[in-house]
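Summary of the model geometry
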Amino acid sequence: MATSDLMSELQKDSIQLDEDSERKVVKMLLKLLEDKNGEVQNLAVKCLGPLVGKVKEYQVETIVDALCANMRSDKEQLRDIAGIGLKTVLSELPPAATGSGLATNVCRKITGQLTSAIAQQEDVAVQLEALDILSDMLSRLGPPLGAFHASLLHCLLPQLSSPRPAAIRTLIQCLGSVGRQAGHRLGAHLDRLVPLVEEFCNLDDDELRESCLQAFEAFLRKCPKEMGPHVPNVTSLCLQYMKHDPNYNYDSDGDEEQMETEDSEFSEQESEDEYSDDDDMSWKVRRAAAKCMAALISSRPDLLPTFHCTLAPALIRRFREREENVKADVFGAYIVLLRQTRPPKGWVEAVEEPTQTGSSLHMLREQVPLVIKALQRQLKDRSVRVRQGCFSLLTELAGILPGSLAEHMPVLVAGIVFSLADRSNSSTIRMDALAFLQGLLGTEPAEAFHPHLPTLLPPVMACVSDPFYKIAAEALLVLQELVRALWPLDRPRTLDPEPYVGEMSAATLARLRATDLDQEVKERAISCMGHLVGHLGDRLGDDLQPSLLLLLDRLRNEITRLPAVKALTLVAVSPLQLDLQPILAESLPILASFLRKNQRALRLATLAALDALAQSQGLSLPPSAVRVVLAELPALVSESDMHVAQLAVDFLTTVTQAQPASLAEVSGPVLSELLQLLRSPLLPAGVLAAAQGFLQALVGTRPPCVDYAKLMGLLTAPVYDQAVDSGPGLHKQVFHSLARCVAALTAACPQEAASTANRLVCDARSPNSSTGVKVLAFLSLAEVGQVAGPGPQRELKAVLLEALGSPSEDVRAAASYALGRVGAGNLPDFLPFLLGQIEAEPRRQYLLLQSLREALGAAQPDSLKPYAEDIWALLFQRCEGAEEGTRGVVAECIGKLVLANPPFLLPRLRKQLAAGQPNTRSTVITAVKFLILDQPHPIDPLLKSFIREFMESLQDPDLNVRRATLTFFNSAVHNKPSLVRDLLNDILPLLYRETKIRRDLIREVEMGPFKHTVDDGLDVRKAAFECMYSLLESCLGQLVICEFLNHVEDGLKDHYDIRMLTFIMLARLATLCPAPVLQRVDRLIEPLRATCIAKVKAGSVKQEFEKQDELKRSAMRAVAALLTIPEVGKSPIMADFSSQIRSNPELATLFESIQKDSASAPNTDSMELS
């Protein structure tokens, strides 16, 4: 009774014990543990848990010592109580991550005594109990035991030779726990461990085999590199034990048909016959083998083709597994294989797959019929979980090989219909079947569904009417996808919708009319009706008008207005030319009111709907309603939201073309806002294109809404109204925007082009013109292009040449740009003149080369061929120039010239690489960089054949050539990885060599009384690390991450710029491949810690403090990324650093702010480095 009262008191938070009371309570409890009454002992053990948190550390150690001593007692009851007591104490210890040292001290004390008990004790029961406690301790409190891992292994390994199966099993479980907790630190011992575990796998004990396979799974996940030599043996064990089922005779392939016919009789007794044998543990072995196989596949993506040959057929054969839990893991292992096979994203991979991925996909394609055959019976299995596994697997397969399931549609449709008709207590399977069907409609050709629609549609319609809202919402989504896929708007109809449209319309209308529905069902019903009307409106007959009126009604409802606007857009853009007159007059004012709402998504959707209505209905729109809408538009043409502004201007353009008269009232306010918007230096290209379209529409109507001269005056007024000597005033980008608008207006009024060009030439020449006027005049001439007549052209040449000597840098740059752009429109006259000027005017060479670059970029490739030889010769004469800026422009010119005739000029460029001096080689490599465009280009296959020779420049003795080669390689990796992916095995060693600090490139420069260290190799190293970052984004599968991390580790101790880069890389690696990072986290933490606690010398300049703060912030971001890796807290060094961050106010504040930033910022997957 007293012990029970003590238990109650200890559980209260208010109890406080002084030192003497602590000692008495601990002594009494330890005595009670040896009481003869079992109930008293049990109560005393329960008291230990709350007591641990109430007494001082040394008292806890006293308790532990006493319990460990009792563990060796001759009395079995006392040993059991001591074991329970130790487990109770361990469960109550505070984790090491909280900063408390109690767990560490207690674990060390227990570990020493347990290991000696395991090694010296002859009593098996004591050993088993000790092993059990040790396994429990490793699982819960792994980090504090880091120092004991070696002694633990030393103690455990000899025990593996024990003849007792129970002891061996417990030891293997303990090894698995060590593997899961110690991670990579166990790697050094695997060569000794794995053969022993393999040996025990062959003993006839299923529970032991399960433990062995679980240990292999832990080893593969935590030490994939060290397990490399053992992969063949582990693979064969997995294959052997995945089919280990001695108590069940699976039919051979020839008897499968017979199995299917007997299935109904067999299934009656299935539950009694299959699962009643409690002694059958073989299913645990099969499950462990499947999980081990999944770990093997995920940890070794480099062996994927081998896995497709060996593991995939075995997994497919095991789809017929009788035990549900095992079958789920077999499906899981095959899904892991599918995910590893998924090709890299991006257009390049679609055009030209890398060798390994291509071969894996080819093998997977050949497996598809086998997979479908194996799943045919599983899709109609009585178990919901099995069918869910089938749908997950097939969804993954369809995503990787779109179109591959089309020929197997009868089997899939039968499986889907079976699950949709399942009225069992679980609604999940029906939702999964609907989700799978929706995915299939997106990946398989529509023709594959045509013959099955009569079978498929009724159960989908039944689900649309289902009372459970989640099923109804999912079914409406499927119906919408069905309409979109089977009756697309961009192709002629190949399937008559007549038999189906009435049923689909009725079911959707029923959902649309109901008002007491879940919000999700309402939104899906509106969207589905929008698709039905948009795709099949001409076949809806009497249902069309009620559907449109219901959409109008939903527009008026605040909850459903957004989906209704989107549905109206679908109807408006439909090419079926539907009659929307019943709803136009009422809907336009409602839409106009939405433009005043704060909800941005609603404003964007409304503008898209209005534009679609204006394009499709045009003159049918009621003018009065249009004017109501237009009155809302000036407020939307604003810099505060550029996307809204763009859509507003697009709509204005459409209205101008459809109903110019309606625009008269608002053209003034709208123009005023638009011209203000054009002065923004942050104007996106989309908004500028929309503005150009609107200005052209204004002067293009008959009669024009706004006079050409008046509009041109309004457009250029901000520049022309400036004082002569006030400089440009406006931002440089604004001049380019205004010049493009001038060109757009001129293109819309060709009759005004000549007079406009003459006026611009006069403005450019006039000594009274301000700098801004001259800049705008030259940029406008560049955009307007060719000037009519030989007289004005000669005059223009003189004006442009004169401007190249202007004192204003802005005028010189604009004139240079104009000379190239105008020349591109009249090559026979301008190009010889430009080449002559480059020869004759060495002082203006940079500006004239920029003109040549613009001309080469803007001209048609065929028109350049007659001048190619002259340009080639001139450019290569200037490759050896001392000025790097000039060589950069020359390189860009060479690149643009090669793009005009790749088959002829690219081989010549390669020859120049071998023949030239260092500066020429550097220029040639830089020119090759400009051949890599971010879009597909005919030069790509030819360039790929030369890439290897260009990349050999990484071995060039000249630093600048190597830096240029790295920049070119980075551009290739970033924009077109397929060009270099197959060469990475040769390139990577050269790349990694450039990341090393070279002492011979570091020199000291004397600056007065000071000595300054200069590292000439820094730029090359920085370029190499930038390449490494780009490789992470596009070629991760081709990298050996352990080798990659070695160089990242070196970069963490390098120069400021490189450290910043490697911190970003480390954060990215923590997300992309956490397992290898976790393996060496202990080594990665030290440089991060050194950066975080570094102090700037007193008296340093402000920039030094700012650089150090930025470096700390970047390092802390890397630490935050590392902390997201599961199990990273088990590293003692990481746990120590975490507690150091928490205890340092400055670091704690910085860490909290970074966590807030990462929570609020969108996920930025990549960084532009090319």
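Procedures and definitions
Residues numbered from 1 in each chain as written. Predicted model: local features only at pLDDT ≥ 70, side-chain atom pairs only at ≥ 80, totals over all residues. Heavy atoms only, no water. Phe/Tyr/Trp six-rings, centres within 6.5 Å; stacked < 30°, edge-to-face > 60°. Helix = DSSP H or I, 4+ residues; strand = E, 2+ residues; numbered from the N terminus. Buried < 20%, exposed > 50% of the residue type's maximum accessible area, 1.4 Å probe, protein only. Core = buried A, V, L, I, M, F, W, Y, C linked by side-chain atoms within 4.5 Å. Domains from an automatic or database assignment. Contact = heavy atoms within 4.5 Å. pLDDT = per-residue confidence, 0-100. Salt bridge = Lys/Arg side-chain N within 4 Å of Asp/Glu carboxyl O. Pairing = 2+ DSSP bridges. Axes fitted to C-alpha atoms, helices over the stretch in contact; angles between N-to-C directions. Parallel < 35°, antiparallel > 145°, perpendicular 65-115°, else oblique. Left-handed = near helix turned anticlockwise from the far one by under 90°. Nonpolar A, V, L, I, M, F, W, Y, C, P; charged D, E, K, R; others polar. Disulfide = S-S within 2.5 Å. Polar contact = N/O pair within 3.5 Å; in protein donor to acceptor, adjacent residues only side chain to side chain. Expected span 1.5 Å × (residues − 1).

Turning our attention to the packing of aromatic side chains. Taken as a whole and assessed by the stated rule, the structure comprises seven aromatic pairs. A centroid spacing of 6.5 Å and a plane angle of 80° characterise the contact between Phe 216 and Phe 219, whose relative ring orientation is edge-to-face. You can see Phe 216 and its partner Phe 219 sitting in helix H11 (residues 206-222), three residues apart, about one turn around the helix. Using a relative accessible area of 0% as the deciding quantity, one classes Phe 216 as buried. Overall, Phe 219 belongs to the buried group, its relative accessible area being 1%. Between Phe 319 and Phe 331 the ring centres are 5.1 Å apart and the planes differ by 70°, which places this aromatic pair in the edge-to-face class. Taken together, the residues Phe 319 in the loop between helix H15 (304-317) and helix H16 (324-341) and Phe 331 in helix H16 connect sequence positions 12 residues apart. Look at Phe 319 and you get buried, because its relative accessible area is 0%.

It is worth spelling out the nonpolar core at this point. Among the nonpolar cores identified, the biggest contains 385 residues, and Phe 216, Tyr 334, Phe 778 and Leu 852 are the most heavily contacted of them. The residue makeup of this core includes at least three contributed by each of domain 1 (1-229) and domain 2 (1074-1158). Excluding anything up to four places from it in sequence, Tyr 334 contacts Ala 312, Leu 315, Ile 316, Phe 319, Leu 364, Gln 367, Val 371 and Leu 393.

Before going further, it helps to examine the environment of Lys 87. For Lys 87, the position within the fold is in helix H5 (residues 76-92). Expressed as a C-alpha distance, the spacing of Lys 87 and Val 45, which sit 42 residues apart in the sequence, is 10.0 Å. Apart from the residues lying within four places of it in its own chain, the contact partners of Lys 87 are Glu 129, Asp 132, Ile 133 and Asp 136.

Scored by pLDDT, the protein comes out at a mean of 82, with 90% of its residues at no less than 70. Helix H17 (residues 347-351) is the least confidently modelled element of the protein, averaging 35 in pLDDT, while helix H27 (residues 561-573) averages 93, the highest of any element. When the criterion is pLDDT under 50, residues 346-354 qualifies, and its contacts beyond four places in sequence or with other chains add up to 19 contacts. Counted against residues more than four places away or in other chains, residues 1162-1170, with its pLDDT under 50, gives 19 contacts.

On to unusual backbone geometry, then. We note that Gln 577 has phi near 55°; this positive angle belongs to a residue other than glycine. Its place among the elements puts Gln 577 in the loop between H27 and helix H28 (581-594). The exposure class of Gln 577 is exposed, given its relative accessible area of 62%.

Turning next to the pattern of salt bridges. Scanning the entire structure with this criterion turns up 53 salt bridges. When the shortest N-O distance is used, the salt bridge between Lys 24 and Asp 20 registers 3.3 Å. Of this pair, Lys 24 and Asp 20 are both found in helix H2 (residues 19-32), four residues apart, which corresponds to roughly one turn of the helix. Judged by its relative accessible area of 34%, Asp 20 falls in the partly exposed class. Ionic pairing is found between Glu 520 and Arg 524, a salt bridge with its closest N-O pair at 3.3 Å. Residue Glu 520 and its partner Arg 524 are located together in helix H25 (residues 519-536), separated by four residues, close to a single helical turn.

Attention shifts here to the pairing of strand S2 (residues 1010-1015). When strand S1 (residues 1002-1007) meets S2, the two strands line up antiparallel, connected through six bridges. Bridged to Ile 1002 within S2 is Asp 1015. The turn linking S1 back onto S2 is made up of two residues, and Gly 1008 within it adopts a positive phi angle of 65°.

What follows covers the packing of helix H19 (residues 384-400) against helix H21 (residues 428-443). Two elements in contact, H19 and H21, have axes separated by 10 Å at closest approach and are oriented at 15°. With respect to H21, the axis of H19 lies roughly parallel. Crossing of H19 over H21 shows left-handed handedness. Along the contact surface, H19 presents Val 384, Arg 387, Gln 388, Phe 391, Leu 394, Thr 395 and Ala 398, while H21 presents Thr 428, Ile 429, Asp 432, Ala 433, Phe 436, Leu 440 and Thr 443.

Another point: the packing of helix H46 (residues 902-915) against helix H47 (residues 918-929). Between H46 and H47, the shortest axis-to-axis distance is 8 Å and the interhelical angle comes to 150°. Comparing their axes, H47 and H46 come out roughly antiparallel. Note on packing geometry: the crossing formed by H46 with H47 is left-handed. Contacts between H46 and H47 involve Leu 909, Gln 912 and Leu 913 from the former and Thr 920, Arg 921, Val 924, Ile 925 and Val 928 from the latter. Per-class residue counts for the contact of H46 with H47 are five nonpolar, two polar and one charged.

Under the definition given, this model contains zero disulfides. Unpaired in this structure, Cys 238 has its nearest cysteine sulfur neighbour in Cys 292, at a distance of 3.6 Å. The class for Cys 292 is buried, based on a relative accessible area of 0%.

With that settled, the discussion passes to the side chain of Arg 962. Here Arg 962 is to be found in helix H49 (residues 959-975). Residues within four places of Arg 962 in sequence aside, it is in contact with Ser 953, Leu 954, Asp 956, Pro 957, Glu 994 and Arg 998.

Now for the side chain of Ser 547. By the secondary structure assignment, Ser 547 is in helix H26 (residues 544-556). Looking at Ser 547, the relative accessible area reads 0%, which means it is buried. Reaching out from Ser 547, the side chain makes a polar contact with the backbone oxygen of Asp 543 at a distance of 2.6 Å. Not counting residues up to four positions away in its chain, the partners in contact with Ser 547 are Leu 509, Met 529 and Val 533.

Taking 1.5 Å per residue, 14 residues should reach 20 Å; helix H38 (residues 771-784) reaches 20 Å between its end C-alpha atoms and fits that length. By the criterion of burial, H38 is predominantly enclosed, with 10 of the 14 residues buried. Buried residues of H38: Gly 772, Val 773, Val 775, Leu 776, Ala 777, Phe 778, Leu 779, Ser 780, Leu 781 and Ala 782, and no others.

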